[in-house]
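Descriptive structure summary
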Amino acid sequence: MPENSPAVEERSRDIIAPGYTFGSITDQIAAVVLTKRTPLFWMACFSVGFGLLLLFLWAVATLLAEGVGIWGLRTPVMWGFAITNFVWWIGIGHAGTLISAILLLLNQRWRNSINRFAEAMTLFAVACAGMFPLLHLGRPWLFYWLMPYPNSMGVQPNFRSPLVWDVFAVSTYATVSLLFWFVGLLPDLATLRDRAGNRLARLAYGILALGWRGSARHWSVYETATLLLAGLATPLVLSVHTVVSFDFTIAIVPGWHSTFFPPYFVAGAIYSGFAMVLALAIPLRAVYGLEGLITDRHLENAAKVMLATGLIVAYAYVIEAFSAWYSGDVYEQAAMWHRMTGPYAPVYWSLVACNIILPQGLWFQRIRRSPVTLFIWSIIVLVGMWFERYVIIVSSLAQDYLPSSWSIFHATRWDWATYLGTIGLFLFLFFLFIRLLPMISIFEVRTLLPQAKVGKEAEG
Amino acid sequence: MTQPIYGLMAEFDSPTALVRAARAAREKGYRKLDAYSPFPIEDLSDALHLHKNRLPLIVLAGGIMGLLGGYLLQYYVTVWQFPINIGGRPLHSWPSYIVIAFEMTILCAAGSAVLGLLALCGLPMPYHPVFNAPRFALASRNRFFLCIEASDPLFESGATSDFLQTLDPREVTEVAQ
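Position numbers for residues start from 1 in each chain and track the written sequence from start to end. Lettering for chains starts from A, numbering for ligands starts from 1, and both go in the order in which the items are written. Predicted model: local features are reported for residues with pLDDT of at least 70 only, side-chain atom pairs are reported and counted for 80 or more only, and whole-chain, interface and lining totals are derived from all residues.

**A word on the overall build of chain A**
In plain terms, the rule: Only DSSP runs of H or I covering at least 4 residues are called helices, and only runs of E covering at least 2 are called strands; the numbering of each starts at the N terminus. Residues are scored as being in contact if the C-beta atoms we place from backbone atoms lie within 7 Å.
Across its full length, chain A carries 16 helices and zero strands. If you line up chain A on its principal axes, its C-alpha atoms span 80 × 60 × 45 Å. Once local pairs closer than 6 in sequence are excluded, the contacts in chain A between residues at least 24 apart make up 82%.

Pasting the structure below:
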């Protein structure tokens, strides 16, 4: 990859535009929240989100009244859209934790300007993901049976089942992400409390800020806490998609039963997650004029991560086909062959195009440097990753061991309504967040300024 | 003085000035002092000798409790409360306990990190005297403050104020109790 400016100083200047001061950073980011004027773009996106959220409520109400039969679930394809969407959404969430935790531990300072909204994206993506297994239960109101608790039925969850592991992994992930996000927000909530003109806003931010006053004693504990939380979140995020992949690998269905699923799923998760980060960051920075804080360097770095994880995913596709052939197992070979040539072949080849072939364009700096093209590319990857989950789940289930029980999955309009509905839920929550909380971590961006460095003369 | 005060607050423009002032105040012998800044400054913790805290220990304890709790829960359920004999396989099937034991470790460690952070910082604390300093709202924006508290044995309103003035602050104000 061509690098015009290898010098380190040059790089640190790239991640924040020159001319910013502590005050102007604070004012610009806080103004998005504290202003009385709401941009038309926000109104439009929020309305779309809210509209789709209503569709979601309608779909869920129908589901509760009629049962999961309104989805296209028929034997043998009993997982269909629900689990596809679950895996897709939870994968999207992974980039947020990667940015907030792993890049923090690796001292990648460019993460400071994108970690906040990426973490919010994680939280909302996990919320959307969580909807599907719950609704797919059939009787969602008995969801608490998934948890071990003393009960009069004398039964407990089967701790040897990957589905129960998944319950623990996803609920831990959601909780830890929420905690990490809230801890990161504390100093910025204090900033909003101190700057809010409106009494109600001051009160609300004041309560949420818990009395944070930026004391050196607090900062010293705070820094330790952030590092520890990052250290805990790092193995957690890698474990979550690993456990999700166990849902498949521990079953004996041909096309699922293989050992390389965990790294394959984690790479795919980060791939789609960075695509979502770009798909959100590019319009937001344009609308709110944040190009000085989320610079072209950020977009380029995210694109490079996308390219790298995309190559891992491409390698996994090759190995998947190779190991099916090399296994000598006629069912594994047939499952792979059906994917490539059977009824799901159009989806399979679209995913190859979206996830392997088109993303190779990211090798070119011209594509990485142009926000519009990068936005289109990230949407392509998001679509491609959805196809991938669909093919893994549906094509494997539709044609397994017994040809007499084969059957093709047809999604119903309720499948689509629920899926689009969670996109609405995501947009609804995300745009509420944009309006009510600072989308860029103010205090972490302050530390990027050259003025934040303590001069030599003060060193002891 | 009619009313007791909390301390004297000096306001500075840059992190460098604050760190220099904090070092000077420590050298002068003041111990009851705190600095307020809009972002973490590592040299400041160094100047105020704040390097050690007990948070890692709290998190370790939380993690161990989560690990033991998660493991023992599964052991109790699968071996004692609800044993299922599947082809004579051992009831204590520890490899299948790993995932949940791990997740519980992370959950309890992260929970104790957050609770420990709040406990060590004494948060939530809705009222604190430093908020009485007139320009203190800027401590979360772009100004850096050093407060010498009245409870310090060396504190003496006039002398301490004169000392703070020598550190080249923007201004020095009294903080009401």
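**A look at the domain arrangement of chain B**
Worth spelling out the cut-off: For each domain, the first and last residues come from an automatic or database assignment.
Along its sequence, chain B is organised into domain 1 (5-52 + 129-176) and domain 2 (55-121). Centre-to-centre separation of domain 1 of chain B and domain 2 of chain B, based on C-alpha positions: 45 Å.

**Re the interface of chain B and chain A**
Under the convention used in this document: Under the grouping applied here, Gly and all other residues not named as nonpolar or charged are polar, the nonpolar ones being Ala, Val, Leu, Ile, Met, Phe, Trp, Tyr, Cys and Pro and the charged ones Asp, Glu, Lys and Arg.
Taken together, the 58 residues of chain B in the interface contact 53 residues of chain A. Contributions of two or more residues to the side of chain B that touches chain A are made by α1 (15-28), β2 (33-36), α2 (42-47), α3 (55-81) and α4 (98-121) of chain B. Of the residues forming the side of chain B that touches chain A, the biggest block, 13 residues, is contributed by α4(B). Tallied by class, residues from the side of chain B that touches chain A come to 38 nonpolar, 13 polar and seven charged.

**What about the pairing of strand β1 (residues 5-12) of chain B?**
Residues and elements named next belong to chain B. For clarity, the threshold we go by: Exposure is read from a count of other C-beta atoms within 10 Å of each residue's own; the residue is exposed at 12 or fewer, buried at 20 or more and partly exposed in between. C-beta atoms are placed from the backbone. One requirement defines pairing of two strands: DSSP has to find at least two bridges between them.
With six of its eight residues buried, β1 lies for the most part within the structure. As defined by bridge partners, β1 adjoins strand β4 (residues 171-176) across six bridges and the pair is classed as antiparallel. Within the sheet, the bridge partner assigned to Ile5 lies in β4 and is Ala176. Pairing between β1 and strand β3 (residues 144-149): six bridges, direction antiparallel. Bridging across to β3, Ala10 finds its partner in Leu146.

**Side note on the sheet that holds β3(B)**
Strand pairing in a sheet relies on backbone hydrogen bonds, with the paired strands running either antiparallel or parallel. Residue and element names in this part refer to chain B. Quick note on the threshold: Every angle, taken between N-to-C directions, lies between 0 and 180 degrees, and every axis is a line fitted to C-alpha atoms, over only the stretch in contact when it is a helix.
Pairing in this open sheet of four strands is antiparallel, and the strands run β2-β3-β1-β4 from one edge to the other. At either margin of the open sheet sits one strand with a lone partner, and together these are β2 and β4. Across this sheet, the average inter-strand angle for adjacent strands is 25°, counted without regard to direction. In this sheet, β3 lies alongside β2 in antiparallel orientation, the contact comprising four bridges. Across the sheet, Leu33 pairs through a bridge with Ile148, a residue of β3. Together, β1, β2 and β3 form the strand contacts of α1, whose direction differs from that of β3 by roughly 15°. Its contacts with the sheet put helix α5 (residues 157-165) on β1, β3 and β4, and the angle it makes with β1 is roughly 10°.

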